[in-house]
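One-letter residues, chain by chain:
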Amino acid sequence: MLDYIWLVPALPLFGAALLLLFGKRIGEPIAGWIATALMFGSFVVSIFMFAALRGLPSGEHAHTVKLFDWFASGGFKVSMGFLADPLSVTWILFVTGIATLIHLYSIGYMHGDARFSRFFAYLNLFVASMLILVLGSNFLVTFLGWEGVGLCSYLLISFWFERNSAAVAGKKAFVTTRVGDLGFMIAMFLLFASLGTLDYAAVGEKIGGLSGGTITAIALLLFLGAIGKSAQIPLHFWLPDAMEGPTPVSALIHAATMVTAGIFIVARAHPIFEASQAAQDVVMWVGAITALLAATVALVQTDIKRVLAYSTVSQLGYMFLALGVGAYTAAIGLVVAHAFFKAALFLGSGSVIHGLDENQDIRTMGRLRKYMPLTGFGFIVAWLAIAGLPPFAGFWAKDEVLAKAFFHGDYAVWLIGLVAAILTAFYMTRETFLVWFGNERFAAVSAETDVDGDAAHAEAPSDSHAESHEAGMISTESPTVAYGTPPAPARLTHAPHEAPATMTIPVLILAVLAAIDGLIILPFKGFEYLTQFLEPVFETVKPIEAPSFAAGFALTTLAVVVAVTGVLIGRGMYREGLENPSDDPLDRRLGGMGRLFGNAYYFDAVLARSVDGPIRRFAEWIANTVDQGIIDGAVNGVASGVASISSGVRRMQGGVVRQYALVVFAGAAALLIFALVRS
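A short tour of the structure in this document, coming up. The shown structure was predicted, so the numbers you read here are calculated from the model rather than taken from an experiment.

### Details of the packing of aromatic side chains
Okay, step 1: Summed over the entire model, instances satisfying the criterion amount to 30 aromatic pairs.
Okay, step 2: Centre to centre, the rings of Phe379 and Trp436 are 5.7 Å apart; their planes meet at 50°, and the pair counts as tilted. With a gap of 57 residues between them, Phe379 in helix H16 (residues 373-387) and Trp436 in helix H18 (residues 411-436) connect regions that are remote in the sequence. Residue Phe379 shares its accessibility class with Trp436, and that shared class is buried.
Okay, step 3: Judged by centre distance (6.4 Å) and plane angle (55°), the rings of Phe426 and Tyr574 are tilted. Separated by 148 residues along the polypeptide, Phe426 in helix H18 and Tyr574 in helix H23 (residues 549-574) bring together distant segments of the chain.
Okay, step 4: Through a chain of ring-to-ring contacts, three or more aromatic side chains come together here, namely Phe116, Phe119, Phe120, Tyr122 and Phe159.
Okay, step 5: Above the ring of Phe159, the side-chain terminus of Arg115 is found at 5.1 Å from the ring centroid.

As structure tokens, then:
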């Protein structure tokens, strides 16, 4: 059965090819249903692969499928092959499952878009690339998928390229992640030069024979690739701007595909990182610092999707923190839990934008539960999960990460994670209450609707989202709300309304999964299903255990207290909403720190000025002085010298017989004189 694992990426890859070639003829909504059906087929095949893997004989936990020899050079040979083991199967299960729901959601969300079929082609290709990435049996096959997700992220983030901000965001993501990709490539070169192989199994067996410096260099270069894809400091700044793409793209990037690639590669290459304590420390500290700083930035964001974007950066920091302390299964448990609740949050926010005439400013929302009860329910469940409240999945996953850090002896990192946890609970409570509770801060001005919207709510409202994207006519202005921008009055052409079933059903399913996913990561003996399933992959890693039940219970209690505290503070500040959308009580309390957080520590601004200032001048000096003056000058100088020599030689070959006779006579006379002198 596992020999057919190639079907998992092949089905969405076929869908991408079909829709790119014939999408216009197929049209809406059939193109969306074809892409969704193929994605669901990939999910079904993944379930069969999971069952087949569980059915392997005792002691066997991996199966490699060689499709063909990719290329051979001397003694170096690379095969196009897929590896089915607990790590890759875990990834394909949640990637295909969540991607299916996002595809279904997109059928309603992208209704009326002029490039409907192309969107689903890109979406299928995006997921297929991610599946190739996680199933690759060697670094080069993984790198093929790695570059595929980079390309697709560019195509999807800038999908509405008529809007300049979307086009710029796509280029920003593409260029930034290329920096990390360079590190990945150099790491592969070092592996090949040192070990003569890129196969994961062979690398794991041979890595111990390398020097400590070489191992650390390879690990850090791989980690550079990871922080590029997973948006960690200092390559984090592309992810918030990626919100310029359609909301389903945001959900897919944040929950199931691109940003989890960095976590995957560190987990897959764990023998390399385990052999270098210095590299593990770097992973741990980068993760911890990112988790804290991104959480502070999320505190003051006013764009509904931008809050979630910085939240993702912070949560990914937790995952790297866990990887750095050697708690690989805890990191993967958080990856899975995060995939469920973050997908629900993003899709829920997309439904809010859909129902509010493309408004994304949470300051001008409020009490939307009345109008969107189903979406509100799903969003609220996902909020409780990410806030870390029991018994939701986020509590068990995040608690496990912090507990592993504490029992590993990294107390400073544990404390940073604890502070980030209370900030997470606070900023997610702030967003939830400003959107779904409190007072209404919008006005529906349809002639058929009063301010409460009761009359229009009973009727089928117009599809504002479809109208705004009809024939590709998209505003050239970015809907993203920058910090410090006064809120524009939200004047809706209709009352807020619930999204269609194709959009609400995925949100509700993801909310249920976010509520019950904790059952597979319970930290109790006999109930650690995910840990037991992944154990063969990390069997050489020393487990981190609590010294006693009392110690573990104390940390769990502290985690609950921290989460509840953050929620209560947020509820106390925002349960009544905002009297004035321009007057956020948090801004008054933070003062100058609010501006620092709201501008993301000015990292992006400083980088932009550096690129446009000294870096641009340095590039111009390279172009003008080094390239044109030295390199081109040398090439042109050689050409000029050859031209001068040939010009002189050409004058000697003038075709005049008298000149030739004179030269012959002079030569003969010279030879005669030479002979007389010698004699």
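### A word on the pairing of strand S2 (residues 76-84)
Okay, step 1: The buried fraction of S2 is high, at eight of nine residues.
Okay, step 2: Inspection of the sheet shows strand S1 (residues 63-73) paired to S2 by nine bridges, in the antiparallel sense. Residue pairing in the sheet places Ser73 in a bridge with Phe76 of S2.

### Focus on the pattern of salt bridges
Okay, step 1: A complete count under the given rule lists 15 salt bridges for this structure.
Okay, step 2: One salt bridge in this structure joins Asp241 and Lys172, with 2.6 Å as the shortest N-O distance. Note that Asp241 is positioned in helix H9 (residues 238-241) and Lys172 in helix H6 (residues 164-195), a separation of 69 residues in sequence. There is no split in this pair, since Asp241 and Lys172 are both buried.
Okay, step 3: A salt bridge links Asp181 to Lys229; the shortest N-O distance between them is 3.1 Å.

### Here's the deal with the packing of helix H3 (residues 86-109) against helix H10 (residues 247-255)
Relative orientation and spacing of two packed helices are given, respectively, by the angle between their axes and the distance between those axes.
Okay, step 1: Closest axis-to-axis distance for the H3/H10 pair is 9 Å, and the angle between their directions is 170°. Judged by the angle between their axes, H3 and H10 are roughly antiparallel. Between H3 and H10, the contacting residues are Phe94, Ile98, Ala99, Ile102, Tyr105, Ser106 and Tyr109 on the first element and Thr247, Pro248, Ala251, Leu252 and Ala255 on the second.
Okay, step 2: Here the contact of H3 with H10 is composed, by residue class, of ten nonpolar, two polar and no charged.

### What to know about a nonpolar patch on the surface
Okay, step 1: A cluster of nonpolar residues, Tyr4, Trp6, Leu67, Phe68, Trp70, Phe71 and Leu144, forms a patch on the protein surface that exposes about 650 Å² of accessible area.
Okay, step 2: No other element matches the four residues that S1 contributes to the nonpolar patch.

Procedures and definitions
- Residues numbered from 1 in each chain as written.
- Predicted model: local features only at pLDDT ≥ 70, side-chain atom pairs only at ≥ 80, totals over all residues.
- Heavy atoms only, no water.
- Phe/Tyr/Trp six-rings, centres within 6.5 Å; stacked < 30°, edge-to-face > 60°.
- Helix = DSSP H or I, 4+ residues; strand = E, 2+ residues; numbered from the N terminus.
- Buried < 20%, exposed > 50% of the residue type's maximum accessible area, 1.4 Å probe, protein only.
- Lys NZ or Arg CZ within 6 Å of the ring centre and 35° of its normal.
- Pairing = 2+ DSSP bridges.
- Salt bridge = Lys/Arg side-chain N within 4 Å of Asp/Glu carboxyl O.
- Axes fitted to C-alpha atoms, helices over the stretch in contact; angles between N-to-C directions.
- Parallel < 35°, antiparallel > 145°, perpendicular 65-115°, else oblique.
- Contact = heavy atoms within 4.5 Å.
- Nonpolar A, V, L, I, M, F, W, Y, C, P; charged D, E, K, R; others polar.
- Patch = residues over 30% accessible without salt bridge, like charges linked within 9 Å, V, L, I, M, F, W, Y side chains within 5 Å.
- Areas by Shrake-Rupley, 256 points an atom, 1.4 Å probe, with all protein chains shown as cover.

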